Amino acid sequence: MELTKNITLGVYLPGETSIHRLDPRTKIIAAAILITLLLFIKSYQPYGLFMLFTIAVIIASGIPISYALCGLKPMLPVLVLMWFFQLFLYSAPEAEVIVSWWIFSATDAGLHMGNLITLRVFFLFTIITILTLTTSIVSLTDGLESLLKPLRMIGIPSQELVMTMIIALRFVLILAEELDKIIKAQMARGVAFDRGNFIQKTRNLFPVFLPLFINAFKRAEELIVAMEARSYTGGKGRTKMKTLHMGRVDRSAGVVIMLFTGLIVYIILSVNPQI
Amino acid sequence: MNPLIEVIDLTYSYQAGSDDEFRALKGVFLQVWPGEMLAITGQNGSGKSTLARHFNGLLTPQSGSVLVEGLSIADKKNTAAIRKLVGMVFQNPDNQLVSSIVEEDIAFGPENLGLPPAEIRKRVDWALDTLNLQHLRKVSPSGLSEGQKQLVAIAGVLAMKPKCIILDEPTAHLDPRGKREVLENIMRLNREEGITIILLTHFMNEVVHCDQMVVMEQGEIKLRGTPYAVFRQKEIILELGLDLPIAAQLATGLRQKGFKIPEDIIHTEELVDCLCQLK
């Protein structure tokens, strides 16, 4: 059970490409625009374009495509399950039945819906992976902090919330490593994770998650003390080593995103003119 | 000269007032002088971490007082100023690094001080230079060795330009090479940058490099003095559950076998010199 190898979400691959050099705010807004676009795509043609665009971004950022996608492996069962759910449970009034078994029947509308939803989640995941692979956690914080700053005026502690989120993201890898270690330790002590029925298997997870949670709390406590010792008292009065400023790369990226959005919207409208 | 840190009759109990009250410190007096390298040693649970956490206001005295450059730690108004003067490095580097980029983690402390960006950049560069970490500036700490991670943690404290750095068992998690690297760098910070070092450790081979040492047991300071003076009291050291440095153990053994080895050997180099002069 090598869990850590497959987790690319929250990992940062340093680099010097123009994607890396983009202002984090540009990247966050671009990701938000792309994710919003995903919600409106209801046919395959725009997805084709979306796929090309995503591949182009991955290539431009110098990340090996296989690496970017291997993070998807743990997600695969969920994607497949979702696809099946949509396939069998989605019903439309004039749908044509393709396969029918017992009380379940798969319709073409269900198939279409299954494909769309699976693709949507797939791309959602890919976009977020690209964002975190090319943006250091601290730039992400800086970007989010700067974007969420207006919320401070209505009393939301945006800086502290962002800090919490970012630390959670940093500990994903550390906790995954730890989970791996605990599983091996418990296997060495005779817990058979692959044997028994569903209930026994579920019960086997307790000796894994209990130590994991206890350790996570211990880590959290140590981290708090260490942060406090380094004069952290919350967002107030903090300055930044790196000041954000948008440059030429960001302007070009903005233009690219706008063109791409326009194109996708055009395709959506021309394929489904009724929307 | 005034002491940098002055501890006067300090007591501290965990779960004070309850049935499981644990008296971690029972009336400790201590002075830490500017520029010295002080080792605090003792078994687990002897109170050394509890004591050290009073030096930068992570804990506040239940009775007695702690003064850092004359500022009382009990006064919350002083906390920010004291944390700027006294930095602290902990045992597990993974649980004290905040960022996934070395230089950005080092900037975390100065950023908390609210310094202007150019000044933060200058300090980060200086900290990286001082600890020879320039080549690691852009990498993620998760790819580093434990020793390197600990050096990054030290750099993060160094960038705040403290007068004193407390290191709470900084080498406990490290392999021999990491231990040596961290110790050498700590010694260099003390000698070349004049930073006061308070080193909490179990390892007697680290203690011998310090100017002064304190041995704690059950919340009290049992021995203090230069390592030479303290390690002369062999029986008491062993009684307190600690060891002599390797060189001292070996010297004692050889002396018992009839070799003419002088007393007061704690450094390996001293022992080597003596052995080479034997006929």
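For the structure, check the block above.
Residues numbered from 1 in each chain as written. Chains lettered and ligands numbered in written order. Predicted model: local features only at pLDDT ≥ 70, side-chain atom pairs only at ≥ 80, totals over all residues. Heavy atoms only, no water.

Student: Teacher, can you tell me more about the pairing of strand β8 (residues 196-201) of chain B here?
Tutor: Within a regular strand, side chains alternate between the sheet's two faces. Residues and elements named next belong to chain B. Taking burial as the measure, the six residues of β8 include six buried ones, the bulk of the element. Of the two faces of β8, the one carrying Thr196, Ile198 and Leu200 and the one carrying Ile197, Leu199 and Thr201 are both buried. Pairing analysis gives five bridges linking strand β3 (residues 37-42) to β8, with the strands arranged parallel. In the sheet register, isoleucine 40 faces β8, and the bridge partner there is leucine 200. Of the strand pairs in this sheet, strand β7 (residues 164-168) and β8 are connected by five bridges, and their pairing is parallel. (Buried < 20%, exposed > 50% of the residue type's maximum accessible area, 1.4 Å probe, protein only. Helix = DSSP H or I, 4+ residues; strand = E, 2+ residues; numbered from the N terminus. Pairing = 2+ DSSP bridges.)

Student: Quick question: what am I supposed to make of the sheet that holds strand β1 (residues 5-14) of chain B here?
Tutor: Through backbone hydrogen bonds, the strands of a sheet pair up, either in parallel or in antiparallel fashion. All names here are of chain B. Overall, antiparallel pairing links the four strands, which are arranged β2-β1-β4-β5 in an open sheet. Two strands bound the open sheet, and with one partner strand each, they are β2 (22-32) and β5 (71-72). Two strands pair when backbone bridges link them, and strand β4 (residues 63-68) and β5 are joined in this way by two bridges, in the antiparallel orientation. Looking across to β5, one finds that valine 68 is bridged to leucine 71.

Student: Would you mind going over unusual backbone geometry with me for this structure?
Tutor: Excluding glycine, most residues fall at negative phi; most peptide bonds, likewise, are trans. Residue and element names in this part refer to chain B. One non-glycine residue, lysine 161, lies in the positive phi region at around 50 degrees. Turning to its location among the elements, lysine 161 is positioned in the loop between α5 (146-158) and β7. Of note in the backbone geometry, glutamine 218 takes a positive phi value of approximately 45 degrees without being a glycine. Within the secondary structure, glutamine 218 is located in the loop between β9 (212-217) and β10 (220-225).

Student: Honestly, the pattern of salt bridges in this entry has me stumped. Any pointers?
Tutor: Two side chains of opposite charge can pair, provided their charged atoms sit close to one another. Across all of its chains, the model carries 25 salt bridges over all chains by this definition. Across the pair glutamate 69 of chain B and lysine 163 of chain B runs a salt bridge, and its minimum N-O distance is 2.8 Å. Note that glutamate 69 of chain B is positioned in the loop between β4 and β5 and lysine 163 of chain B in the loop between α5 and β7, a separation of 94 residues in sequence. A single network of salt bridges, built from pairs that share partners, joins Lys242 of chain A together with Glu103, Glu104, Arg121, Asp125, Arg137 and Lys138 of chain B. (Salt bridge = Lys/Arg side-chain N within 4 Å of Asp/Glu carboxyl O.)

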